[in-house]
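The lines below spell out each chain.
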Amino acid sequence: MTTAPTLPRTSTLGIACLVAGILVFSIQDMILKFLSDGYPLSEAMVLRSLTAAPILAVFAWRDGGLGTLFTAGIGRMVLRGVVMLVAYTSYYLALPALPIASAVALYFSAPLFITVLSVVWLGERVSLPRWIAVAAGFAGVVVMVRPGATLFEWAALLPVISGLAYGTSMIFARSLGGRETATAMAFWGNAVFLLAAIAMALAFGDGRYAAGAHPSMQFLLRAWVWPSALDAALMSGCGIIAAMGLTLLTQAYRSTPASVVAPFEYSAMLWGVIWGWMVWRDWPDLMSWVGISIIIGAGLFVLWRERVERG
């Protein structure tokens, strides 16, 4: 009698860390959507970044010393931080206008963009089946965005922009290779977030441009207000969440091959549906489910084919 093959213990631990990290970050999405109705994004980002900075510094100290933050690659890490700023800001601004599940699904165009960018920037070869999957995935994006339809919501383009920027940042990470630690990249990315949030607060913090704006633009342009104790704790908690999520995802990709754990990134879709229904009673309609299925299916196929082609 034969028995089913089992995953090595390290793979099981890596998958568990990644799924836990995705869950942690999904809670941050829920918090930011909840706060987006009364606070500006810059206020949440300042408190989040200030909370995360010392935690990431401690992680860097444990990960080889604070010297790992100040290497010859600091300029490239800051540049990657700017790209990540575009990715996350675009995604966060979509949250007030879209159900979380839709925002997450559109964001998962990122693996498709990574495939395209790896050819353009890194000269990697992509097989015909992967190109077909990429085309199908982008068709799923079109189904969800619904250009030209009466139900068109321009904010649906924001998670797609986020996916493109995130894919670009991952190409940056590949080019940095093993020269920089994940903690160092996260530290400088957090520093870029903090400086950008302060700049946004100085530019829009009085709220003069927010009146009558779209919900996404209100989240960007709304005036700063003194937060309640609970809301301040939630904003600061996002910094702890970011540090915890980073640690879990880093451990997942360090202990287990990316081809094994990467498909479990799509567990974010499950949490998006759960939080959206539990908190806001949002449930994707039929066309959204069609688009979600196409995007996820295409993304998983791309990951699987890459694993097969790399051996």
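What you see is a predicted model; the values in this text were computed from it and never measured. Per chain, residue numbering runs from 1 following the sequence as it is written. Residue-level local features of this predicted model are given only where pLDDT is at least 70; pairs of side-chain atoms are given and counted only at 80 or more, and the full residue set underlies all totals for whole chains, interfaces and linings. Heavy atoms from the whole structure form the basis of all side-chain values; hydrogens and water molecules are not counted.

### Here's the deal with the side chain of Thr-89
Link 1 in the chain: Note on conventions: DSSP H or I runs of at least 4 residues are helices, E runs of at least 2 residues are strands, and numbering of each starts at the N terminus. Counting through the fold element by element, Thr-89 comes out in helix α3 (residues 74-94).
Link 2 in the chain: In this description, contact between two residues means that some pair of their heavy atoms is separated by no more than 4.5 Å. Excluding residues within four positions of it along the chain, Thr-89 makes contact with Leu-41 and Met-45.

### As for the environment of Leu-195
Link 1 in the chain: Looking at the secondary structure, you find Leu-195 in helix α8 (residues 182-204).
Link 2 in the chain: A 1.4 Å probe rolled over the protein chains alone gives each residue an accessible area, and that area as a share of the maximum for its type sets the label: buried under 20%, exposed over 50%, partly exposed in between. We classify Leu-195 as exposed; its relative accessible area is 61%.
Link 3 in the chain: A sequence separation of 22 residues divides Leu-195 from Met-217, and the C-alpha atoms of the two residues are 20 Å apart.

### Let's talk about the pattern of salt bridges
Link 1 in the chain: Whenever a carboxyl oxygen of Asp or Glu lies within 4 Å of a side-chain nitrogen of Lys or Arg, that contact is scored as a salt bridge. For the structure shown, the criterion picks out one salt bridge.
Link 2 in the chain: In this structure, the salt-bridge partner of Asp-206 is Arg-208, at a minimum N-O distance of 2.9 Å.
Link 3 in the chain: Its relative accessible area of 57% is what places Arg-208 among the exposed residues.

### Regarding helix α5 (residues 110-122)
Link 1 in the chain: Ala-110, Pro-111, Leu-112, Phe-113, Ile-114, Thr-115, Leu-117 and Ser-118 are the residues of α5 that are buried.
Link 2 in the chain: One or two positions beyond α5, positive phi appears at Gly-123, with a value near 70°.

### With respect to the confidence of the model for the protein
Link 1 in the chain: Every residue is assigned a pLDDT by the predictor, reflecting its confidence on a scale from 0 to 100. With 90% of its residues at a pLDDT of at least 70, the protein reaches an overall mean of 85.
Link 2 in the chain: Here residues 1-5 scores under 50 on pLDDT; set against residues more than four positions off or in separate chains, the count is zero contacts.

### Quick word on the packing of aromatic side chains
Link 1 in the chain: Pairing of aromatic side chains here covers Phe, Tyr and the six-membered ring of Trp, requires ring centres within 6.5 Å, and sorts the geometry by plane angle: under 30 degrees stacked, over 60 edge-to-face, intermediate tilted. Per the stated rule, a full pass over the model turns up 14 aromatic pairs.
Link 2 in the chain: With a centroid separation of 5.9 Å and an interplanar angle of 35°, the aromatic rings of Tyr-88 and Tyr-92 are classed as tilted. Remark: Tyr-92 and Tyr-88 occur in helix α3; sequence separation between them is four residues, near one turn of the helix.
Link 3 in the chain: Here Tyr-88 falls in the partly exposed class, since its relative accessible area comes to 25%.
Link 4 in the chain: Owing to a relative accessible area of 2%, Tyr-92 belongs among the buried residues under this scheme.

### Overview of the nonpolar core
Link 1 in the chain: Of all hydrophobic cores here, the largest spans 78 residues; its most connected members are Leu-106 and Met-269.
Link 2 in the chain: With residues near it in sequence (within four places) discarded, Leu-106 still touches Val-141, Met-144, Val-145, Ala-156, Pro-159, Val-160 and Ile-295.
Link 3 in the chain: Residues grouped as a nonpolar core are buried Ala, Val, Leu, Ile, Met, Phe, Trp, Tyr and Cys residues, joined through side-chain atoms within 4.5 Å. Formed by 10 residues, the second largest nonpolar core is a distinct cluster that contains Ala-52, Ala-60, Met-77 and Ala-184.

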